[in-house]
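Single-letter residue listing:
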Amino acid sequence: MKRLFAFASTVGDRINPVAVKEFRQAVQSRWVSAIFLLFLLLNLGIVGGYLMLSPDAATSIDGGKNIFIALESILFFTCIGFVPLYAGIRLSLERNDTNIDLFFVTTITPGAIVRGKYLTAMALTLLIYSACMPFMILTYLLRGIDLPTIFAVLAIGFMVCAGVNAMGIFAGSVSGSWLLRGLVAVGMLIFLFMTAVMFIQSVSTAIIIGWGLFGVYTTWTTIGTILLFEALAIGLLYVLAVALLSPKPSNRMLVPRLYITGTWLVVGVVAAIWSYMQTSADPIIGWVIFSTFGFTAMMVDSLGERDSWTTRVKRTIPRNLLLRPFAFLFYSGSAGGIIWCAILFTSTILAAINWGRYLSANLSELHECCSNATLVFGYFLCYCLTTAFFCKVLLKNINIPNLSVLAAFLAVLACLAPYLVAFFLEDLGRTSLPWYMIGSPMVLTMENQAAIDAAGPFLLVWFVIAALVAMPWALGQWRRFKPLETTNLTPTN
Amino acid sequence: MDVRIVNLKRYFGKTRAVDDISFEFSSGNVFGFVGPNGAGKTTAMRILATLDDPTEGNAYVDGISLIDDPEKARRHVGFMPDALPAHRDITVHEYLDFFARAYGLRGVKRRSVVDSVEQFTNLKGIREKFLYALSKGMKQRVSLARALVHDPPVLILDEPAAGLDPRARIELRELLRVLADRGKAILISSHILTELAEVCNGAVIIEQGKILRAGSMEQIVAAESPHRVIVIRASNGADSLHKELLQVPLVQEARIIGEEVEIRVDGGEDSHSDILTHLVGKGFRILDFRQRQMDLEDVFMTVTKGEVQ
């Protein structure tokens, strides 16, 4: 017995401290208990009500199927609507600037905090799943659905929950103004709603077709691909959440940039294999689209990063002159971040075009996708460089907090304003390009080839001017990106 | 173990909450951090607790920068905020156990540390109570216990006596003395200056983000009172005593306070007997003759203006 206690104690010590605290609080939380009891009551009510009140409960051949769809919908909405919001809101409240939770001043690492929160969210999901299992299995006895379908649907649902829980924790780790947090929360709610709708549609299809659907090879390759992307997305959300929780003076963008570069490569290789097997450029087009959106967002975010480096980061800057340019791209830093995004995006386009030449399949679609992606990325690159020039060269004495949020807002405004003007002036149908539309990537939506053709040269000129005027800012950062001199190691008064 | 704050600045827009402050304190000392409301005490303490980043400047604990290496420095610093963050659904023991785990304490050591901290802060009897159900005084005890759980050599205590009853305040004072005797470097802010003066070896007086005075208690008091202050009461009445005292060359200043006369005199302790002899010689019947020590409260009232930004 002593050994058992000792073993239990050792296991207890190994569990993430944040997870232990969160479990304890969840178990004692009235809110969690209420949701859990309500969930059980709904399950009991639906199954009990059907068995006692439905006249054809004993004879119907698809009673189990209908009950399963109802129970699965309740289960999924409970898991997707409650757990990520619970985890996200708790973390967000603990990150409140004016009353930050004191465990952020312990020696616990940001990674352990995120893992602890995620582990708790997954345990809560598992708890809800385990509670509904008996009801789900009972539907098999009510006919109309087979056991493999039940388990497969539950497993897929659980995987989806794993993704949305990571999303909730990432959203909760965003600090800053309530406006920013509110925007993130709204974005998350839209994402959760879309996920729920898509999942319920997929479940309905799976149940109608039954286990036969899971006997098809393409179903498993599709599920496998989705799971791979989900795992990569969970990993990305994890490294981003850890970066957001890390202290500001740390080199917090290093791991996300390395991870994104690795993910970009893995997805590119998977897309190439898939494209080769299908003799179609569609997977590569998908890779180009995802890369464009991803690197554009990362570029806007990079703009808000640091322009100089703290002592702790300087200690890790390589002294080797060959390695230092790579470090400049991957370390936290605004100019390095923008150049890193631009290099990876350019590599994506070059790889896609060369792959298209090799494959010789739906080349025109691939070329159109690449040219549109280049225009979209080019517009945002010009916005970023122009913002950098105005905010960091012209107005460098004015401290602008959250520059990336400002840049994102200005970019969205710049995208939409000309389009709205064109809409109100009824210029959208014109065959010639209204001059004010050329400042926005929305020009691509005009179905006006002359406009699109004019956008390229315009962007090129804008890019050259913006790059030249923002050059002092980028060069200044490169000059400051030097390892710490040994004489500076001791603090001085 | 020494703590050095070097040219620390924290601006919120145009408001200079902390404006270029520098001071230091070390092991075994209790250092008071005094200032009117809105002086920047809590902001500075939050920076020292690594909860906030300064606009400029740095702070070092045993040479480790709190700004550049917060993770490393946190092992050496225990912070007690002015209010315990709201936690529902967790008991006192679970709360302390969590922080012990978060600081990397494992197994038997963790349990014994939590036990001894509960014992030291007199929380044994309420360890199974939920945090939200505790009184203000009990919450302050839990907060202090939490700050002590990893046995940090430096303690930053923000208004630990706020809202405590007299008994709890005395107990807290005793705890602080014990902690200082154990070699902790303690920075404590409080509005109860008389109590602070009893427990502190040194103090920093801050207003509008700027340091007005800093040093040991003796240095601060001496800086504000270069003259000795003597209070005299005589049966002949305050007016005639006041008139006579103004004739004595040693007396720099004299003022009537009720039935007494307060004078400021030059010179050492010999001046006391000179003045006394002079008064007796002039026929005054002296009922009370005492030197008044200037305390932290007097200094505070003298140097601060009570202005906020």
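Here the structure is a predicted model, which means the values were calculated and not measured.

### Digging into the overall build of chain A
Part 1 of the argument: Scanning chain A for helices and strands turns up 16 helices and 0 strands.
Part 2 of the argument: Every one of the 493 residues in chain A was classed for burial, and the buried ones make up 49%.
Part 3 of the argument: For chain A, the exposed area adds up to about 24,600 Å²; of that, 73% sits on carbon and sulfur atoms.
Part 4 of the argument: Across chain A, the mean location of the 29 positive side-chain charges is 18 Å away from that of the 21 negative side-chain charges.

### Looking at helix α6 (residues 147–173) of chain A
Part 1 of the argument: Relative to the 39 Å expected for 27 residues at 1.5 Å per residue, α6 of chain A spans 39 Å between its end C-alpha atoms, a close match to the ideal helical length.
Part 2 of the argument: Counting buried positions along α6 of chain A gives 19 out of 27 residues, so the element sits mostly inside the fold.

### Considering the pairing of strand β10 (residues 210–216) of chain B
For a regular strand, side-chain orientation follows a simple rule: the groups alternate between the two sheet faces.
Residues and elements named next belong to chain B.
Part 1 of the argument: Relative to β10, strand β9 (residues 202–207) runs antiparallel, the two being bridged by 6 bridges. When the sheet's bridge partners are listed, I206 is paired in β10 with I211.
Part 2 of the argument: Here β9 folds back onto β10 in antiparallel fashion, the turn holding 2 residues, of which Q208 has a positive phi close to 50°.

### Considerations on empty space enclosed by the protein
Residue and element names in this part refer to chain B.
Part 1 of the argument: Taken as a whole, this structure holds 6 cavities of 30 Å³ or more when the rule is applied.
Part 2 of the argument: Around the largest cavity, the lining residues are M80, G137, Q140, R141, L144, P160, L164, A168, E171, L172 and L175.
Part 3 of the argument: Of all the secondary-structure elements, those providing two or more residues to the lining of the largest cavity are α5 (136–148) and α6 (166–181).
Part 4 of the argument: For the lining of the largest cavity, the per-class residue count stands at 7 nonpolar, 2 polar and 2 charged.
Part 5 of the argument: Size it by volume and the second largest cavity reaches roughly 80 Å³.
Part 6 of the argument: Elements that contribute at least two residues to the lining of the second largest cavity include exactly α6 and α7 (193–199).
Part 7 of the argument: Per-element accounting of the lining of the second largest cavity gives the leading share, 4 residues, to α6.
Part 8 of the argument: The residue makeup of the lining of the second largest cavity, split by class, is 8 nonpolar, 1 polar and 3 charged.

### Here we look at the side chain of N165 of chain A
Residue and element names in this part refer to chain A.
Part 1 of the argument: Looking at the secondary structure, you find N165 in helix α6.
Part 2 of the argument: According to the relative accessible area criterion, N165 is buried, its value standing at 0%.
Part 3 of the argument: Within polar-contact distance, the side chain of N165 engages the side chain of T125 at 3.0 Å.
Part 4 of the argument: Look past the residues within four positions of N165 in its chain and what remains in contact with it is V83, P84, Y118, A121, M122 and T125.

### Quick look at the interface of chain A and chain B
Part 1 of the argument: Counting residues at the interface gives 34 residues for chain A and 39 residues for chain B.
Part 2 of the argument: Roughly 3,300 Å² is buried in total at the junction of chain A and chain B, and carbon and sulfur atoms are behind 51% of that figure.
Part 3 of the argument: Here R110 of chain B and D13 of chain A are joined by a salt bridge, their closest N and O atoms 2.3 Å apart.
Part 4 of the argument: Here chain A is connected to chain B by 9 residue pairs in polar contact (both at pLDDT 80 or more).
Part 5 of the argument: Per-element accounting of the side of chain A that touches chain B gives the leading share, 7 residues, to helix α2 (residues 17–28) of chain A.
Part 6 of the argument: When the residues that make up the side of chain A that touches chain B are grouped by side-chain class, the tally is 12 nonpolar, 13 polar and 9 charged.

The rules behind each value
Residues numbered from 1 in each chain as written. Chains lettered and ligands numbered in written order. Predicted model: local features only at pLDDT ≥ 70, side-chain atom pairs only at ≥ 80, totals over all residues. Heavy atoms only, no water. Helix = DSSP H or I, 4+ residues; strand = E, 2+ residues; numbered from the N terminus. Buried < 20%, exposed > 50% of the residue type's maximum accessible area, 1.4 Å probe, protein only. Areas by Shrake-Rupley, 256 points an atom, 1.4 Å probe, with all protein chains shown as cover. Lys, Arg positive; Asp, Glu negative; His and termini not counted. Charge placed at Lys NZ, Arg CZ, Asp CG, Glu CD. Expected span 1.5 Å × (residues − 1). Pairing = 2+ DSSP bridges. 1 Å grid on protein atoms, 1.4 Å probe; cavity = no way out; pocket = protein on both sides within 12 Å on 5 of 7 lines; lining within 4 Å. Points joined across faces, edges and corners; volume = space filled by probe spheres on them. Nonpolar A, V, L, I, M, F, W, Y, C, P; charged D, E, K, R; others polar. Polar contact = N/O pair within 3.5 Å; in protein donor to acceptor, adjacent residues only side chain to side chain. Contact = heavy atoms within 4.5 Å. Buried area = accessible area lost by both parts, 1.4 Å probe. Salt bridge = Lys/Arg side-chain N within 4 Å of Asp/Glu carboxyl O.

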